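# Structural overview
Below, each chain spelled out in residue letters.
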Amino acid sequence: MTGDELIDLEIQLLLKGICQVYGYDFREYSEASLRRRLTRWLSASGFATFSLAQSQLLRDRALFCTLLRGIMVNVSDMFRDPFFFKAIREQVVPYLKTYPFVKIWHAGCASGEEAYSMAILLLEEGLKGRFRIYATDINEEVIRKAGEGIYPLQELQRFTRNYQQAGGSGSFSDYYTARYDHAVLHSSLRDTIVFAAHNLAVDADFGVMNLILCRNVMIYFKQPLKERVLGLLDSSLVPGGFLCLGTKESLDHRKISDRYEAVTPQMQIYRKRYAKK
Ligand SMILES: C[S@@+](CC[C@H](N)C(=O)[O-])C[C@H]1O[C@@H](n2cnc3c(N)ncnc32)[C@H](O)[C@@H]1O
């Protein structure tokens, strides 16, 4: 067995143990990027091999959390891909306005910026009191932080620029209060969002939604897990509802693709057909 094969075996054994002890199954994540992140964690951890780290990782939740932090990509942004949010405002919101009440699910919301962006957009579009956002992520630590709605002030310049490019009709400063070196988002935004831990790989759906965003999450998954998650999202979406993926993701060649039409192909916004083809 070569050194690389031995490392692969150690990783497989570790992932199996993590799944059994903590319930997180990373065996369905793309191998190359997972291996890269695990190796980076190992070099910083002080353990010489994955085998030596394993027994402690399976007993020490705090240590496991450092590994989780190392392997999950929790990067997000306010109005990430501003022209995507502009398309939501112009092409999706007019349909949402025809409902008395709409439910929106951000699956894999990371630190919450995407959900807060949606809340701002819907409030500006006059939907106050007529929507509820569910924002979920596998990572309990980031979900807790997302619920606080506190972001470093140095990010505000970029948030403001994105907000304007996304067609914001007011001023981004209307939505936060600066405290020392942080911006605290107003509770009127936080009150529209329910943050919860949810694992797309194993948990059930979240009820019936009018709009689902699962952006930049499935790029880290192997094909079978992508299909499972798309099936889950599909079963949670009303006919006529909208499904949004990340800019590098698409429904092409997926099992559910014939049930959807592309609203804006470049922005990966899809609408679920009313009748199956
Ligand atoms: C790169 S972030 C994307 C955040 C946001 N959707 C965006 O586009 O800005 C990917 C998120 O997916 C989450 N994630 C990864 N696997 C998941 C799973 N099985 N279930 C739910 N969330 C998951 C990660 O914890 C991470 O916060």
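Quick notes on the rules
Residues numbered from 1 in each chain as written. Predicted model: local features only at pLDDT ≥ 70, side-chain atom pairs only at ≥ 80, totals over all residues. Pairing = 2+ DSSP bridges. Helix = DSSP H or I, 4+ residues; strand = E, 2+ residues; numbered from the N terminus. Right-handed = clockwise from strand over helix to strand, strands pointing away. Near = placed C-beta within 6 Å. Nonpolar A, V, L, I, M, F, W, Y, C, P; charged D, E, K, R; others polar. Domains from an automatic or database assignment. Contact = placed C-beta atoms within 7 Å. Expected span 1.5 Å × (residues − 1). Buried ≥ 20, exposed ≤ 12 C-beta atoms within 10 Å, placed from the backbone. Axes fitted to C-alpha atoms, helices over the stretch in contact; angles between N-to-C directions. Core = buried A, V, L, I, M, F, W, Y, C linked by C-beta atoms within 7 Å. Parallel < 35°, antiparallel > 145°, perpendicular 65-115°, else oblique. Left-handed = near helix turned anticlockwise from the far one by under 90°.

Let us now look at the pairing of strand 8 (residues 237–245). As paired elements, strand 7 (residues 209–214) and strand 8 share 5 bridges and run parallel to each other. Note on strand 8: the bridge partner recorded for Leu 211 is Phe 242. Following the chain from strand 7 across helix 10 (residues 223–235) to the adjacent parallel strand 8, one finds a crossover that is right-handed.

For the rest of this paragraph, the subject is the site of the ligand. The local shell around the ligand holds 22 residues, among which Ser 76, Gly 108, Ala 110, Ile 138 and Leu 200 are the closest. Residue composition of the shell around the ligand, by class: 10 nonpolar, 7 polar and 5 charged.

Below, the discussion takes up the domain arrangement of the protein. You can read the domains of the protein as domain 1 (3–71) and domain 2 (82–272). For domain 1 and domain 2, the distance between their C-alpha centres works out to 30 Å. Listed by partner, the interface residues are 7 residues for domain 1 and 9 residues for domain 2. Grouping the amino acids of the side of domain 1 that touches domain 2 by side-chain chemistry returns 3 nonpolar, 2 polar and 2 charged.

Look at helix 6 (residues 113–124): 17 Å from first C-alpha to last across 12 residues, which is about the 16 Å you get at 1.5 Å a residue. Burial of helix 6 is extensive: 10 of the 12 residues sit out of reach of the surface. Residues of helix 6 that are buried: Glu 113, Glu 114, Ala 115, Tyr 116, Ser 117, Met 118, Ala 119, Ile 120, Leu 121 and Leu 122.

So, on to the environment of Ser 173. Turning to its location among the elements, Ser 173 is positioned in the loop between helix 8 (156–165) and strand 4 (176–179). Residues Ser 173 and Arg 144, 29 residues apart in the sequence, show an inter-C-alpha distance of 24 Å.

One open sheet accounts for 3 strands, arranged 3-5-4; its pairing is antiparallel. Unpaired on one side and paired on the other, strand 3 (150–152) and strand 4 mark the two borders of the sheet. Averaged over all pairs of adjacent strands, the angle between strand axes in this sheet comes to 30°, irrespective of strand direction. Direction of pairing for strand 4 relative to strand 5 (residues 182–185): antiparallel, over a ladder of 4 bridges. Paired with Arg 179 across the strands is His 182, a residue of strand 5.

Our next topic: the nonpolar core. Membership of the largest hydrophobic core comes to 59 residues, with the highest contact counts inside it found for Ile 104, Ala 119, Ile 133 and Ile 212. For this core, the element with the highest residue contribution is helix 6, accounting for 7 residues. Contacts of Ala 119, omitting those with residues within four sequence positions, involve Ile 133, Leu 189, Thr 192 and Ile 193. Ile 11, Leu 14, Ile 18 and Leu 67 belong to the second largest nonpolar core, which has 14 residues in total.

Our next topic: the packing of helix 1 (residues 3–22) against helix 3 (residues 50–57). Remark: helix 1 packs on helix 3, axes separated minimally by 9 Å, with the N-to-C direction vectors making an angle of 10°. One finds that helix 1 runs roughly parallel with respect to helix 3. The residues of helix 3 that touch helix 1, namely those facing Ile 7, Glu 10, Ile 11, Leu 13, Leu 14 and Gly 17, are Phe 50, Ser 51 and Gln 54. Considered class by class, the residues forming the contact of helix 1 with helix 3 number 5 nonpolar, 3 polar and 1 charged.

Running from N to C, helix 2 (residues 31–45) and helix 4 (residues 61–71) cross one another at 135°; their axes reach a closest spacing of 9 Å. In this view, helix 2 runs oblique relative to helix 4, as classed from their interaxial angle. The two elements helix 2 and helix 4 cross, and the hand of that crossing is right-handed. The residues of helix 4 that touch helix 2, namely those facing Leu 34, Arg 37, Leu 38, Arg 40 and Trp 41, are Leu 67, Gly 70 and Ile 71. Taken together, the residues that form the contact of helix 2 with helix 4 break down as 5 nonpolar, 1 polar and 2 charged.

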